[in-house]
Protein chains: 2
Amino acid sequence: MKTLLEAIRPTTFIESEKLKTFTNLDLTIASETFQHTGSFKFRAAYNLALNVPNDEILTASSGNFGQALAYACQLLNKKCTVVMPENSAKVKIEAVVNYGATVDLVDTQTVGRNERVLQLATQIPNVYVASAYDDLLVIEGNSTLGDELSASDFDVIISPVGGGGLASGISKGLCRNGHQAKLIGAEPLLANDAARSLRAGKIVPNETEPQTIADGARTISLGKHNWAILQNGLTEIIEVSDEKIIEATRFLFALANLKCEPTGALSLGAVLENREKFADRKVCLVVSGGNVDTEIYRRILDF
Amino acid sequence: MKTLLEAIRPTTFIESEKLKTFTNLDLTIASETFQHTGSFKFRAAYNLALNVPNDEILTASSGNFGQALAYACQLLNKKCTVVMPENSAKVKIEAVVNYGATVDLVDTQTVGRNERVLQLATQIPNVYVASAYDDLLVIEGNSTLGDELSASDFDVIISPVGGGGLASGISKGLCRNGHQAKLIGAEPLLANDAARSLRAGKIVPNETEPQTIADGARTISLGKHNWAILQNGLTEIIEVSDEKIIEATRFLFALANLKCEPTGALSLGAVLENREKFADRKVCLVVSGGNVDTEIYRRILDF
C-alpha cells in the first residue's frame, strides 16, 4: 500500500516563451492535468481513502472527484459508490465504472444528489460519506501541491476556487513551509460566492447552482473547513468572466500546448482580467485539471 | 551561455490509466510538447547554434525546426534566417519572427526552398546552412533524449520518423548508455521512404513531398548521417495510415489529456496498427511535438 507521496505524481511545471511574450509576464504553469485521473482531486481522494478506517466510501460527483475517488479506492482495495445524475455524459460514467466503482444514477428531477447520498448512507453499513472539498483529509491531500510549490520562489500563486478544497490545501502547504507567496483565488464571475464571502467576512452561498462553463467551480458554497483556512489564507479573489475563461483555455492550447478544462484555465483567466497587477512578479498559474468533453472543447477552440 | 543540458528541458513522462486500460498495454508517453518552442527540435537547434563557429545560421523550414533554431539563436545572440513558403500559416511566420529571426518568404511556385537557401548562402558571408536532420550536431542534440530514456527500463521505444533526426539521436543515446530497448520507427504510410529504405538496405527517397497529415514527416528522404545510424539502429519501421494517426491524436487528447501534433501521434498510431505486437512489453511512446494549427486540430477532434 503506497503512502500519499508515493501514490501521487508531482505536478508538471510548464514554461512557455510564447505565453510569456504574449502576456509580457513571468508566468509558470503548474499543471495537474497529468495527475492520476487527470486532475488534482486524486491527491485528496487518495489521502481520504487511505486514512478513513471504513472499507466503503460514498460520494456524489459527476466530475473529477468521482473518478479520483474511484481510482484511489481501486488502488486501496476499498469499495466505492459514486452518485451521479442519470443525464451525466456517458464518458464520465464509464470512466468511474472503469476505475472499479459502483455508479448510482439518480434522476435529479425527482431526488437531489445529496438526498440520494443520505438515503444510501443509511443503507450501507459503516460507509464513509466523502465531500470533495469540505474534509480535513481532502485539504491535507491537496496540501501536497502546496509543498511542491514551496520549492520555487514564486511571488504570486493563483489557484482556481470552487468549494475551496484546492486553494485551502495549497494555502496549508505554503504556510507550513513558511513560503511568503501571495495566494490569489480565481473564481468564475458567474459563481462568485467565494469572492462575496471574502468581502462579507463569512460564508455566503450561491442561491442556485451557477451555470458557468467552469463546471468544476459550480459549487453552491465554500466548505466550512476550507473557509477557516481561506478567510486569511487568500490575499484576494479575482472574478473571471466566462469569456476570459474561454480565452484562457484557448491560449493555453495555442501558446503552451496545454489541453485543460475550463475550470483549470481560471488562473490564467484571472491574469487576463488584470495583467498590470502581475507585472514584475513571478507568477504561478495552477491548472487544476484537464478532463473536458471533446465537443465542448471543440467549441472553445472555435470561439 | 548555457550548455546544452542546461538549456533543454527534460522530457515529460506521462502515464495514463485510461490509455493503458483502453489499449490493455503498458504504455508510457515521453512528451516533447513542452520542450522549448514546443518540440524536440530545440535540442538539435540549440546544440547546432552553440557549436558552429558561425555568427549567422540559415535554414529552410516552415515548421518546428525554424522556430527552434530562431529561439536557440536568440538565446545565443546569433543571427538567424529562416526561409519559409510565402503561403505558410501566419501564426508560424509570426512565431519565428517573435523568436527574433529574419523570415525570408519565397514563392515556391517560382523558386524552390532549397534553391533559395543556396542563393542566400552565397549572399551572406560566413553563414552556416543548417539541415533540420542531416547534421551530426543535430543528431547529437537529439541524443540527449536517448540519454533520458536510458534511465528507464523500457523494452520498446517507438519514435516518429521523418528525416530521421529524432530516431537517430535516440538510437545514439541508447547505444552509448548500453540500453537494450528495441527502437521502432513510426512513419506515415503515405510517406514511407524510410520503411522502403530499410527493406532495400539503402536510402530510397519519396518521389514528391508526401501529403500525409503528419506534416513533420513530409520529408523526401532520410538524411545520410541519419541513415548511417538507423540502418542498424532501428529494429523495424511501422507504417501508420493517416486514419490511425488521426485516431491516435484524438486518443491522446481524450485519454491522456495531451495535445499533440499529428506527427507526434505517430508512435501511438504504430501501436494502434498492431497492438498484439506490444503485449507484455513496457513501451515508451515518444511524442515529438505539440504545435498544430487550431483549425486542423478541431477537425481531428471531430472525426
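If you're wondering where the values come from, they're calculated on a predicted model, not measured in any experiment.

What counts as what
All residue numbers here refer to positions counted from 1 along the written sequence of the relevant chain. Think of it this way: whatever chain is written first is A, whatever ligand is written first is 1, and the rest follow in order. Owing to the predicted nature of the model, reporting of local features is limited to residues with pLDDT of at least 70; listing and counting of side-chain atom pairs is limited to 80 or more, with chain, interface and lining totals taken over all residues. In computing side-chain values, all of the structure's heavy atoms are included and hydrogens and water are not. Summary of the burial criterion: residues with accessible area below 20% of their type's maximum are buried, those above 50% are exposed, and those between are partly exposed, where the area comes from a 1.4 Å probe applied to protein chains only. Where helices and strands are cited, they refer to DSSP runs of H or I of at least four residues and of E of at least two residues respectively, numbered from the N terminus. What the arc measures is the spread of directions leading from the helix axis to the C-beta atoms. Between two residues, a contact is recorded if the distance between any of their heavy atoms is within 4.5 Å. Any two cysteine sulfur atoms lying within 2.5 Å of each other are counted as a disulfide. In this description, strands pair whenever DSSP reports at least two bridges between them. Every axis in this analysis is a line fitted to C-alpha atoms, fitted for helices over the stretch in contact. Angles between the N-to-C directions lie between 0 and 180 degrees. To superpose the copies, least squares is applied to the C-alpha atoms of every residue with a pLDDT of at least 70 in both. For this document, the term salt bridge refers to a Lys or Arg side-chain nitrogen within 4 Å of an Asp or Glu carboxyl oxygen. Where each domain starts and ends follows an automatic or database-derived domain assignment. Buried surface area refers to the total accessible area, computed with a probe of radius 1.4 Å, that the two partners give up upon joining, counted for both partners together. N or O atoms closer than or at 3.5 Å make up a polar contact, with two conditions inside protein: a donor-capable atom paired with an acceptor-capable one, and, for residues adjacent in sequence, both atoms drawn from side chains. In this count, Pro and Cys sit with the nonpolar residues alongside Ala, Val, Leu, Ile, Met, Phe, Trp and Tyr, while Asp, Glu, Lys and Arg are called charged and the others, Gly among them, polar.

Overview of helix 5 (residues 90-98) of chain A
- Residues of helix 5 of chain A that are buried: Ile93, Ala95 and Val96 of chain A. In a view along the axis of helix 5 of chain A, the buried residues occupy a sector of 160°, so they form one face of it. Counted as exposed and oriented over 90 degrees from the buried face of helix 5 of chain A: Lys90, Val91 and Asn98 of chain A.
- Against the buried residues of helix 5 of chain A lie helix 4 (64-75), strand 4 (79-85) and strand 5 (102-106) of chain A together with helix 2 (17-23) of chain B.

Observations regarding the state of the cysteines
All names here are of chain B.
- Tallied over the entire structure, the rule returns 0 disulfides over all chains.
- Not part of a disulfide, Cys80 finds its nearest cysteine sulfur in Cys73, a span of 4.2 Å.
- Accessibility expressed as a relative area gives 5% for Cys80, which makes it buried.

A closer look at the side chain of Gln67 of chain B
- Mapped onto the elements of the fold, Gln67 of chain B is located in helix 4 (residues 64-75).
- Its relative accessible area of 5% is what places Gln67 of chain B among the buried residues.
- Apart from residues no more than four positions distant in its own chain, Gln67 of chain B is found in contact with Lys18 of chain A together with Thr37, Ala95, Val96, Tyr99 and Asn291 of chain B.

Observations regarding the sheet that holds strand 3 (residues 56-60) of chain A
Residue and element names in this part refer to chain A.
- Ordered in space as 5-4-3-6, the 4 strands form an open sheet in which the pairing is parallel. The strands lining the two open edges of the sheet, one partner per strand, are strand 5 and strand 6 (127-129). Geometrically, the sheet is characterised by an average inter-axis angle of 25° between neighbouring strands, direction not taken into account.
- Inspection of the sheet shows strand 3 paired to strand 6 by 3 bridges, in the parallel sense. Considered in strand 6, the bridge of Ile57 is made with Tyr128.
- Strand contacts of helix 6 (residues 113-123): strand 3, strand 4, strand 5 and strand 6, with the helix running at about 160° to strand 3, the strand carrying the most contacts.

Some remarks on the pairing of strand 10 (residues 282-287) of chain B
Residues and elements named next belong to chain B.
- With 5 of 6 residues buried, strand 10 lies mostly within the body of the structure.
- The pairing of strand 2 (residues 26-31) with strand 10 spans 6 bridges and is parallel. Within strand 10, the position partnered with Thr28 by the bridge is Cys284.
- Where strand 7 (residues 156-160) lies against strand 10, 3 bridges are found, and the strand directions are parallel. Looking across to strand 10, one finds that Ile157 is bridged to Cys284.

Focus on the relation of the copies chain A and chain B
- Mapping chain A onto chain B calls for a rotation angle of 180° and an axial translation of 0.0 Å; the resulting RMSD is 0.0 Å. Such a combination of rotation and displacement between the chain copies is what one expects of a two-fold axis.
- When the interface residues of chain A are mapped onto chain B, 100% of them again fall at the interface, so both copies present the same face.

Observations regarding helix 9 (residues 193-200) of chain B
All names here are of chain B.
- Buried within helix 9 we find Asp193, Ala194, Ala195 and Ser197.
- On the buried face of helix 9, the contacting elements are strand 8 (182-188), helix 10 (224-233) and strand 9 (236-240).
- Once helix 9 finishes, Gly201 follows within two positions and takes phi at roughly 75°, a positive value.

Considering the pattern of salt bridges
- Under the defined criterion, the tally for this structure stands at 30 salt bridges over all chains.
- Note that Arg43 of chain B and Glu32 of chain B form a salt bridge whose closest N and O atoms lie 2.7 Å from each other. Taken together, the residues span a long stretch of sequence, with Arg43 of chain B in helix 3 (residues 41-51) and Glu32 of chain B in the loop between strand 2 and helix 3 at a distance of 11 residues.
- Between Arg298 of chain B and Glu295 of chain B there is a salt bridge, with its nearest N and O atoms 3.5 Å apart. Pair noted here: Arg298 of chain B and Glu295 of chain B are both in helix 13 (residues 294-301), with a separation of 3 residues, about one helical turn.
- Exposure remark for Arg298 of chain B: the relative accessible area of 11% places this residue in the buried category.
- Each of Glu140, Asp147, Lys172 and Arg176 of chain A takes part in salt bridges that share partners, so that together they form one network.

A look at the domain arrangement of chain A
All names here are of chain A.
- What the domain assignment reports for chain A is domain 1 (4-39 + 135-301) and domain 2 (41-130).
- Placing a centre on the C-alpha atoms of domain 1 and another on those of domain 2 gives a separation of 24 Å.
- If you look at the interface, domain 1 gives 24 residues, while domain 2 gives 18 residues.
- Sorting the residues of domain 1 by area buried against domain 2 places Leu4, Thr37 and Leu137 first, and these three jointly supply 34% of that buried surface.
- Summed over the shared surface of domain 1 and domain 2, the number is 4 salt bridges.
- Across the salt bridge formed by Glu209 and Arg113, the nearest N and O atoms sit 3.6 Å from each other.
- For the pair domain 1 and domain 2, the interface holds 9 residue pairs in polar contact (both at pLDDT 80 or more).
- Elements with a minimum of two residues in the side of domain 1 that touches domain 2: helix 1 (4-7) and helix 7 (136-149).
- Here the element with the most residues in the side of domain 1 that touches domain 2 is helix 7; it accounts for 8 residues.

A look at the interface of chain A and chain B
- At the junction of the two partners, chain A supplies 27 residues and chain B supplies 27 residues.
- With both sides pooled, the region where chain A packs onto chain B buries about 2,600 Å², and carbon together with sulfur makes up 55% of that total.
- Counting across the chain A and chain B interface gives 2 salt bridges.
- Measuring nitrogen to oxygen at the nearest pair gives 3.5 Å for the salt bridge that ties Arg298 of chain A to Asp302 of chain B.
- On inspection of chain A and its partner chain B, the count reaches 17 residue pairs in polar contact (both at pLDDT 80 or more).
- Secondary-structure elements contributing two or more residues to the side of chain A that touches chain B are strand 1 (12-14), helix 2 (17-23), helix 4, helix 11 (242-256) and helix 13 (294-302) of chain A.
- Within the side of chain A that touches chain B, the residues separate by chemical class into 11 nonpolar, 9 polar and 7 charged.

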